[in-house]
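Structural features, examined
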Amino acid sequence: MFDRLEDLLIRYEEIMGELQEPDVANDPERFRKLMKEQSDLTPIVEAYKEYKQCKQNIEDSLVMLDEESDEEMREMAKEELNDSKARVEELEQELKILLLPKDPNDEKNVIVEIRAGAGGDEAALFAAEVYRMYVHYSEGRRWKIEMISLNENGIGGFKECVFMITGQGAYSRLKYESGVHRVQRVPETESGGRIHTSTITVAIMPEAEEVDVVIEDKDVRIDVMRASGNGGQCVNTTDSAVRLTHYPTGIVIYSQTEKSQLQNKEKAFRLLRSKLYDLELEKQQASEAEARRSQIGTGDRSEKIRTYNFPQGRVTDHRIKLTLHKLDTILNGDLEEVIDSLIAADQSAKLANMNEG
């Protein structure tokens, strides 16, 4: 590990040198790559420099304890020695995590698909609440939200909702949200006051670039039609809605949120690309399933990952056995504690796997 850290430190210093060269600013592509590499390496280099400093402090304190007879100075040296030893242990763990292989999709934007499952109207109402939870969470991180397609049930619920979240590191934090979310509460539509259990599924897909997925023209049928629903003026009077049918997979995409056919077509293709890319990722993950068994990962779509229990005001994430009694704040977008805990559990599982290997 330390040989690798030394190599990274040398590389970091090389990058800093290259960025000072006058001709780099004239080559935007090279400048962008160097800045990206520098920002990736900075946390590792800073932690490693602090680690080396702490190791030096330990040596200095031991020398001082060896040579110093003044009791007050010896106490100071002991304190410095204990502090530095504790920090070295923390930094070793931090560095191991920083050196874990990065998920190549972590920096991508995400496409989120929420579908109402078992529970009819109640599931659709909960789907709309979960959509708002992600909107508030995204706003808190200054990410941008853009609706791609929406199918409402007439009483404020969403049968299906597909939207895009654009922002740095969106996939790295939201990838753990894929799976079945379950709600337990007395529905507003229920007169008897019995607690119902309903479910929705959430799919988180990294946005695919054109280089990630190539879609052949012959594989897609494009149909244009009038948008349905209450889209206001002009939405129902022009053929602006677009439906794509991808023959090899049978995936059908429908986009009608924009007024222009061109924009709807672009959105539909973005969604199709991401779905195909996500299918490819699922195949890869299935083939790596043995190695991934202990990891939190990006979750199986059919796995029940979380329960939102209204009578008791609690949210439980079943993968990491985490229960928080703050249902209202979580549904209001305060997901940090849940997501941080999932990331920490995933990192621990990967470290354990590496140590076994």
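Residues numbered from 1 in each chain as written. Predicted model: local features only at pLDDT ≥ 70, side-chain atom pairs only at ≥ 80, totals over all residues. Heavy atoms only, no water.

1. Some thoughts on the UniProt feature "coiled-coil region" (unreviewed entry) in the protein chain
Inclusion rule: UniProt positions are given in the numbering used here, feature names are shortened, and annotations may be inferred rather than shown by experiment. For the purposes of this entry, the term helix denotes a DSSP run of H or I that reaches at least four residues, the term strand denotes a run of E that reaches at least two, and both are numbered from the N terminus.
Under the feature "coiled-coil region" (unreviewed entry), the UniProt entry names residues 55–98. When the span residues 55–98 is considered, its composition is 93% helix and 0% strand, and the gap between its end C-alpha atoms is 19 Å.

2. As for the pairing of strand β3 (residues 158–166)
Definition in use: Here, strands pair whenever DSSP counts at least two bridges between them.
Examined bridge by bridge, strand β1 (residues 110–116) and β3 share 6 bridges and lie antiparallel to one another. What sits directly across from Glu113, in β3, is Val162. Note: strand β2 (residues 144–152) against β3, 8 bridges, orientation antiparallel. If you follow Asn151 over to β3, its bridge partner there is Glu160. What sits between the antiparallel neighbours β2 and β3 is a turn of 5 residues, in which Gly154 has the positive phi angle 95°.

3. With respect to the sheet that holds strand β7 (residues 241–246)
Condition: Note on geometry: axes are C-alpha line fits, over the in-contact stretch for helices, and angles between N-to-C directions span 0 to 180 degrees.
Pairing is antiparallel in the open sheet, where 3 strands are placed in the order β6-β7-β8. Sheet topology places β6 (220–225) and β8 (251–255) at the edges, where each strand pairs with a single neighbour. On average, adjacent strands in this sheet sit at an angle of 15° to one another, irrespective of strand direction. Of the strand pairs in this sheet, β6 and β7 are connected by 6 bridges, and their pairing is antiparallel.

4. Details of the pairing of strand β5 (residues 196–206)
Relative to β5, β1 is paired through 7 bridges, and the arrangement is antiparallel. Looking at β5, one finds that Glu113 is bridged to Ala203. By the bridge criterion, 7 bridges tie strand β4 (residues 179–185) to β5 in an arrangement that is antiparallel. Looking at the pairing, Val183 lines up with Ser198 of β5.

5. With respect to the sheet that holds β4
Spatial ordering of the open sheet is given by β2-β3-β1-β5-β4-β9-β10-β11, a layout of 8 strands whose pairing is mixed. Two strands close off the open sheet at either side, each with one partner strand: β2 and β11 (322–324). Recorded for the sheet is a direction-independent mean angle of 15° between the axes of neighbouring strands. By the bridge criterion, 3 bridges tie strand β10 (residues 314–317) to β11 in an arrangement that is antiparallel. By the bridge assignment for β11, Asp317 is matched with Leu322.

6. Re the packing of helix α1 (residues 2–20) against helix α2 (residues 28–67)
Note the cut-off: Angle categories: roughly parallel below 35 degrees, roughly antiparallel above 145, roughly perpendicular from 65 to 115, and oblique for all the rest. Put simply, a crossing is left-handed when the front helix is turned counterclockwise from the back one by less than a right angle, and right-handed when it is turned clockwise.
Running from N to C, α1 and α2 cross one another at 135°; their axes reach a closest spacing of 8 Å. Classed by the angle they form, the pair α1 and α2 counts as oblique. In the crossing of α1 with α2, the sense of the turn from one axis to the other is left-handed.

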